Amino acid sequence: MRRLLPLVAAALLVAGCGSAVTENRLRLGYLGNLTHVTPIIGVANGFFAKALGSTPLSTQVFNAGPAEMTALLGGQLDAAYVGPSSALNGYVRSHGQALKIVAGATVGGAELVVRPTISSVDDLRGKTVATPQLGNTQDVALRYWLNQHGLHATTDDGGGDVSIRPQDNATTLDQFRAGKIDGAWLPEPWASRLVVSAQAKMLVDERDLWPDGRFASADLVVSTTFLRGHPDIVRRLIDGELAADDWISANAAKARSTVNTELRQITGATLTDAEITRAWGEQEVAADPLAATVGVQADHAVTVGLMSATDLRGFVDVGQLNEELVARGRPGVDDAGLGAKQ
């Protein structure tokens, strides 16, 4: 059974991010969320193992992206599926040296869900709202949305107009049921679990905040050191992702069943048919990292004080992804100006 790692302190040293790659293996991280359906299926159904061939694959499952990025910066992971805001934070913390986005994974799949008595953003004043972890993709989205509506939330003590409580997703479900929090901005399947099984209602579908309803909720990032040392392994990992995505798209019912089984092993909880059906319809798999939306998410993180302004040129490298897509007769994707510096 893959284990769900506890959150680790962001103070871990990042010295490991520059260490030399000496082993022919791949250490992959991802989250125990439905928005990480690609790695969950890729591991469970053997798509990654088949693509990687003789290269051993080990996996670690995390609750939220910032902890996952701490592990990558500390040299404990070679690659990770993670939300863009967490990837951006890792990139900035390493002064643009430690990692690159090499592919997408999931589009959509995040909502602000609240108590039925809350009908507008103004009703959130004085309320407590949870997110998966300080600085993760949903945490940034909530803080920016509140900011745009004239509400402030502090990052240190849960103060401000709205108290934001970063915590484990399972804890959020329990506390919502117990009446200790008033809502949460969550990835799937947690948003749907609160709606279906805890009588929450959706206040914001994050897709409604983006042009064409499309934004990256999970991308594939790789350690720069690993990418330079083992570009062949990275390309094979991308090949495994594309195979997993094709299978997911062609076998939705089987994919839902497989993911439900895997999430039960990871989190100890089984989703009801209603929960996973609702959650499944809130997102889609996509190899395109939607680099343009990643740049916008960076602007959002800067606005709410969770990231310093940084030159993001070099953050995205879709060269290998585009080679794999073209080989399959598909169009390549755009890096939105976030590719290698000229």
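Residue indices follow the written sequence of each chain, beginning from 1 at its first position. Totals for whole chains, interfaces and linings use all residues, but because this is a predicted model, local features are given only for residues with pLDDT of at least 70 and pairs of side-chain atoms are given and counted only at 80 or more. The side-chain quantities take in all heavy atoms of the structure and omit both hydrogens and water.

Chemist: Could you give an account of the packing of aromatic side chains, with specific residues and numbers?
Modeler: Aromatic pairs are defined between Phe, Tyr and Trp rings, using the six-membered ring for Trp, whenever the two ring centres lie within 6.5 Å; interplanar angles under 30 degrees are classed as stacked, those over 60 as edge-to-face, and all others as tilted. Using the criterion set out here, one finds five aromatic pairs in the structure. Consider the rings of Phe 48 and Tyr 81, whose centres lie 6.3 Å apart with planes at 5°: the pair is stacked. Highlighted residues: Phe 48 in helix H2 (residues 47-52) and Tyr 81 in strand S4 (residues 79-82), separated in sequence by 33 residues. Overall, Tyr 81 belongs to the buried group, its relative accessible area being 0%. Here the aromatic rings of Trp 210 and Phe 215 are separated by 5.8 Å at their centres, their planes lie at 20°, and the arrangement is stacked. For a ring to carry a charge above it, either NZ of a lysine or CZ of an arginine must fall within 6 Å of the ring centroid while also lying within 35 degrees of the normal to the ring plane. Over the aromatic face of Phe 176 sits the side chain of Arg 115, whose NZ or CZ is 4.1 Å from the ring centroid. The aromatic ring of Trp 280 is capped on one face by Arg 256, whose charged end is 5.9 Å from the ring centroid. Only DSSP runs of H or I covering at least 4 residues are called helices, and only runs of E covering at least 2 are called strands; the numbering of each starts at the N terminus. Burial status follows relative accessibility: with a 1.4 Å probe on protein chains alone, a residue under 20% of its type maximum counts as buried, one over 50% as exposed, and anything between as partly exposed.

Chemist: So, the sheet that holds strand S8 (residues 163-166): which residues are in play, and what are the values?
Modeler: With mixed pairing, the five strands of this open sheet are ordered in space as S8-S7-S9-S6-S10. Looking at strand neighbours, the two that pair on one side only are S8 and strand S10 (201-205), the edges of this open sheet. Neighbouring strand axes in the sheet, compared pairwise and without regard to direction, differ in orientation by 25° on average. Paired strands are those between which DSSP finds at least two bridges. Judged from the four bridges that link them, strand S7 (residues 128-131) and S8 form a sheet pairing that is parallel. Only the stretch in contact is used when fitting a helix axis, every axis being a line fitted to C-alpha atoms; angles between N-to-C directions are given from 0 to 180 degrees.

Chemist: Could you give an account of unusual backbone geometry, naming the residues involved and the relevant values?
Modeler: Of note, the bond from Glu 188 into Pro 189 is cis; its omega dihedral lies within 30 degrees of zero at 10°. Inspection of the secondary structure puts Pro 189 in the loop between strand S9 (183-187) and helix H7 (190-198). Its identity as a non-glycine residue notwithstanding, Gln 199 has a phi of 60°, on the positive side. Note that Gln 199 resides in the loop between H7 and S10. A relative accessible area of 54% means that Gln 199 is categorised as exposed.

Chemist: Which residues make up the confidence of the model for the chain, and what values do they have?
Modeler: One confidence number per residue, pLDDT, is output by the predictor and ranges from 0 to 100. Of all residues in the chain, 93% attain a pLDDT of 70 or more, and the chain-wide mean is 91. It only takes one pair of heavy atoms within 4.5 Å for two residues to be counted as in contact. Across residues 1-22, confidence stays below pLDDT 50; counting only partners more than four residues off in sequence or on other chains, it has 49 contacts.

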